[in-house]
Amino acid sequence: MPFYKNLVKVPIFVIVFGTIIFAQSGFKNLQVLDKNISKDDLKATMNSFADYLDVKCSFCHIIDEYEKDEMKHKRVAREMIKLTQMIRNDGKKYFSKDHKDEDFTCYTCHNGNAEIKPYNPDDDDDWP
Ligand code: HEC
Ligand code: HEC
């Protein structure tokens, strides 16, 4: 899956200046993303989540009832969006000048896995 394309191209947390240009999107339950996000940008954002974690939409959603919050993974993901936004907003403090805010994504931590396992150096067989 060419996730790296999304890393560069997908505007994940798009601040839509185009509130004026784009009409109300009609999404019912956006609590973190821009409520006026265009349909295309929301689609790109959701596709990127699926790619970054290597999951299907149904990992977080009841299909065709996307606005509902029943699924735990959706609720966790909402906190994760906040976390990612927070780190991006503070990126200047920690990362080099060459680092672009949008380079920091879910993939930076998740690396194509939904579940993050703590690394245990003792499991590393390479040690002599
Ligand atoms: C890792 C979890 C995750 C995955 C995977 C995911 N979504 Fe979402 N989705 C969310 C979260 C979280 C929100 C709510 C964001 C907010 O509150 O601002 C959301 C919101 C939405 C909404 C807006 C619903 C509304 O009216 O409020 C739609 C539509 C949607 N997702 C479609 C999809 C589709 C289609 C896919 C698969 C391509 C997908 N999502 C994959 C987590 C996910
Ligand atoms: C700074 C690192 C980091 C970033 C960035 C990050 N996550 Fe996570 N995520 C984690 C960790 C660590 C866990 C496991 C937390 C736990 O077990 O309580 C996790 C857990 C999750 C889970 C629950 C998985 C499960 O199997 O229960 C979801 C869903 C998720 N993240 C979605 C996202 C999405 C979507 C993004 C991008 C918007 C994102 N994460 C960005 C570190 C990160």
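Definitions and cut-offs
- Residues numbered from 1 in each chain as written.
- Chains lettered and ligands numbered in written order.
- Predicted model: local features only at pLDDT ≥ 70, side-chain atom pairs only at ≥ 80, totals over all residues.
- Near = placed C-beta within 6 Å.
- Helix = DSSP H or I, 4+ residues; strand = E, 2+ residues; numbered from the N terminus.
- Nonpolar A, V, L, I, M, F, W, Y, C, P; charged D, E, K, R; others polar.
- Contact = placed C-beta atoms within 7 Å.

A. Region of interest: the site of ligand 1. Lining the immediate environment of ligand 1, one finds 23 residues, of which Asn29, Met46, Cys57, Cys60 and Tyr66 sit closest. Secondary-structure elements contributing two or more residues to the shell around ligand 1 are α2 (39-53) and α3 (72-89). The residue makeup of the shell around ligand 1, split by class, is 14 nonpolar, five polar and four charged.

B. Here's a closer look at the environment of Ala114. Relative to the elements of secondary structure, Ala114 occurs in the segment after α5 (106-110). C-alpha of Ala114 to C-alpha of Phe49: the two residues are 65 residues apart in sequence and 9.7 Å apart in space. Beyond its immediate stretch of four places on either side in the chain, Ala114 contacts Leu53, Val55 and Phe59.

C. Fine view of unusual backbone geometry. Backbone geometry at Asp64 places phi at a positive 70 degrees, although glycine is not the residue there. Mapping Asp64 onto the fold places it in the loop between α2 and α3. With phi around 55 degrees, Asn111 is a residue other than glycine that occupies positive phi space. Relative to the elements of secondary structure, Asn111 occurs in the segment after α5.

From the geometry alone we can't say anything about function, so treat these as descriptive.
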